[in-house]
Amino acid sequence: MPTVTMVVNGQPVSQDVEARTLLVDLLRNDLSLTGTHVGCDTSQCGACVVHVNGDAVKACTMFAFEAEGAEVATIEGQAAADGTLSNIQQAFQDHHGLQCGFCTPGMIMSASALLKDNPKPSEDEIRAYLEGNICRCTGYHNIVKAIMAASGQDITAVAAE
Amino acid sequence: MYAFEIERPSTIADAVSVLQNEDAQALSGGQTLIPTLKARLAMPETLISLTGIPEMQGICMNEAGQLCIGGATTHASVATGAIQYPALAQMAGHIGDPAVRNRGTIGGSLANNDPAACYPAAVLGSGATIVTNTREIAADDYFQGMFETVLEDGEIITEVRFPLPKRANYQKFQQPASRFALVGVFVAKHADGVRVAVTGASEEGVFRWTNAELALDADFSTTALSELMVTADGLLEDIHGSPEYRANLIKVMAQQAVDAA
């Protein structure tokens, strides 16, 4: 059984896994980091998005052993140790960027990957970047608004199409 | 998922060696293969991961002026790194979604040869060369129909070499749920002629639209295509579109690609 050694949310982790173990199952079942959700399990919905070495990936479509030596970031690592929400998390709350909340961890992780590369994305760029994150509640407008706000941009122009 | 063994070689030579084992399967980014394994549409006993091989990563220019991309280079890396070939970078930047592009690789896409994938159109339209651990294969010889290529068992795509055309563009009419091409057309104007490659449309996978190439050789403009139409015979039919619909889309996408090239 392979051993995976990696850093998850800043903490070193060493875990025996089966070859078939998906990264999302390692996070949820072995590390009890259940904030990363499994929606479709077919890499369509994006509820399982985490960062591996800073890149957004779908944790349901990556084997745990492939994360050997990697730095992994999940939704649990986004808030500060004292519980203060990250910029993006706070903006989702302020702008009602969630309803049921199931897709939200993936949305937040995708949004933070976007803002890392593109600190002031346009509305179109945000919508394009979230193509692989599906939300069945919000209709996306408030998610886009939250990401605009989190990046310090004016949100009055975000159209309610 | 069913149980299997894994190997994670760090050189091409080691990967080739372990792939000689019966029922071993190469794993690149896994964006198609992992869902396939989950559905048990394939059940190899051993997966050979190609993601830990430095010599299969990266983008460079060779002495012949070709853009060389390592077989395990991700779509995201090509989208940001293939600056010498903007049409290719733009194509790579619209495959799937950002998270898929961070894992999926050029070699994986070409080895799979999905009839609706984008890379086959770019490779065929560019007249690229597919380099494996044993040989160099011209794009015109490589694609053999839906999910079929000339790759032998255990053969690995180590690199793809793209000649740089004078002008090129790829236009995709995407199926919005899967983000695969309902029809995608790659047009490239090379010094020795125009190549037009079509994906997403044919029961035979990617193909060259030779009549459009001849017309564009004479006159590289959208009007050169206005009297042409691909026959609907042999085009894909599914819930998203009829063969006739796809035939029309081929023309429309080709014209848009010429316009944008």
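Residues numbered from 1 in each chain as written. Chains lettered and ligands numbered in written order. Predicted model: local features only at pLDDT ≥ 70, side-chain atom pairs only at ≥ 80, totals over all residues. Heavy atoms only, no water.

### A short note on the overall build of chain A
(1) Moving on: The number of helices and strands found in chain A is 5 helices and 5 strands.
(2) Moving on: Secondary structure elements of chain A occur, N-terminal to C-terminal, as β-β-α-β-β-β-α-α-α-α.
(3) Moving on: In terms of overall size, chain A behaves like a compact globule, its C-alpha atoms giving a radius of gyration of 16 Å where 161 residues would be expected to give roughly 15 Å.
(4) Moving on: The principal-axis extents of the C-alpha atoms in chain A amount to approximately 55 × 30 × 25 Å.
(5) Moving on: By sequence separation, contacts in chain A at least 24 residues apart represent 53% of the contacts at least 6 residues apart.
(6) Moving on: Counting every atom, chain A has about 7000 Å² of accessible surface; 48% of that belongs to carbon and sulfur.
(7) Moving on: Of note, chain A has its 8 positive side-chain charges centred 7 Å away from the centre of its 19 negative side-chain charges. (Helix = DSSP H or I, 4+ residues; strand = E, 2+ residues; numbered from the N terminus. Rg over C-alpha atoms; globule rule 2.2 N^0.38 Å. Contact = heavy atoms within 4.5 Å. Areas by Shrake-Rupley, 256 points an atom, 1.4 Å probe, with all protein chains shown as cover. Lys, Arg positive; Asp, Glu negative; His and termini not counted. Charge placed at Lys NZ, Arg CZ, Asp CG, Glu CD.)

### Here we look at helix H5 (residues 141–150) of chain A
Residue and element names in this part refer to chain A.
(1) Moving on: For H5, the complete set of buried residues consists of Ile143, Val144, Ala146, Ile147, Met148 and Ala150.
(2) Moving on: The secondary structure elements touched by the buried residues of H5 are helix H2 (87–94), helix H3 (104–117) and helix H4 (123–129).
(3) Moving on: Of the residues flanking the end of H5, it is Gly152, one or two places downstream, whose phi is positive at about 75°. (Buried < 20%, exposed > 50% of the residue type's maximum accessible area, 1.4 Å probe, protein only.)

### Things to note about the packing of aromatic side chains
(1) Moving on: Taken as a whole, this structure holds 7 aromatic pairs over all chains when the rule is applied.
(2) Moving on: Ring centres of Phe63 of chain A and Phe65 of chain A lie 5.6 Å apart, and the angle between their planes is 10°; on these two criteria the pair is classed as stacked.
(3) Moving on: The exposure class of Phe63 of chain A is buried, given its relative accessible area of 1%.
(4) Moving on: Relative to Phe4 of chain B, the ring of Tyr2 of chain B has its centre 5.5 Å away and its plane inclined at 65°; by these criteria the two rings are edge-to-face. (Phe/Tyr/Trp six-rings, centres within 6.5 Å; stacked < 30°, edge-to-face > 60°.)

### Side note on the domain arrangement of chain A
Residue and element names in this part refer to chain A.
(1) Moving on: On domain assignment, one finds that chain A holds domain 1 (3–77) and domain 2 (87–150).
(2) Moving on: For domain 1 versus domain 2, the separation of C-alpha centres amounts to 21 Å.
(3) Moving on: Summed over the shared surface of domain 1 and domain 2, the result is 0 salt bridges.
(4) Moving on: Listing elements by their share of the side of domain 1 that touches domain 2, those giving two or more residues are strand E3 (49–52) and strand E4 (55–58). (Domains from an automatic or database assignment. Salt bridge = Lys/Arg side-chain N within 4 Å of Asp/Glu carboxyl O.)

### Notes on the domain arrangement of chain B
(1) Moving on: One can read the domain layout of chain B as domain 1 (1–48) and domain 2 (167–260).
(2) Moving on: Taking only C-alpha atoms, the centre of domain 1 of chain B and the centre of domain 2 of chain B are 34 Å apart.

### Considering the sheet that holds strand E8 (residues 157–162) of chain B
Residues and elements named next belong to chain B.
(1) Moving on: On the basis of which strands lie adjacent, the open sheet formed by 5 strands has the order E4-E5-E8-E6-E7 and antiparallel pairing. Where the open sheet ends on each side, the last strands, each with one partner, are strand E4 (59–61) and strand E7 (136–138). The average angle at which neighbouring strand axes cross in this sheet is 25°, direction not considered.
(2) Moving on: Bridge count for E4 against strand E5 (residues 67–70) is 3 bridges, and the pairing is antiparallel. Within E5, the residue paired with Met61 across the bridge is Leu67. (Pairing = 2+ DSSP bridges. Axes fitted to C-alpha atoms, helices over the stretch in contact; angles between N-to-C directions.)

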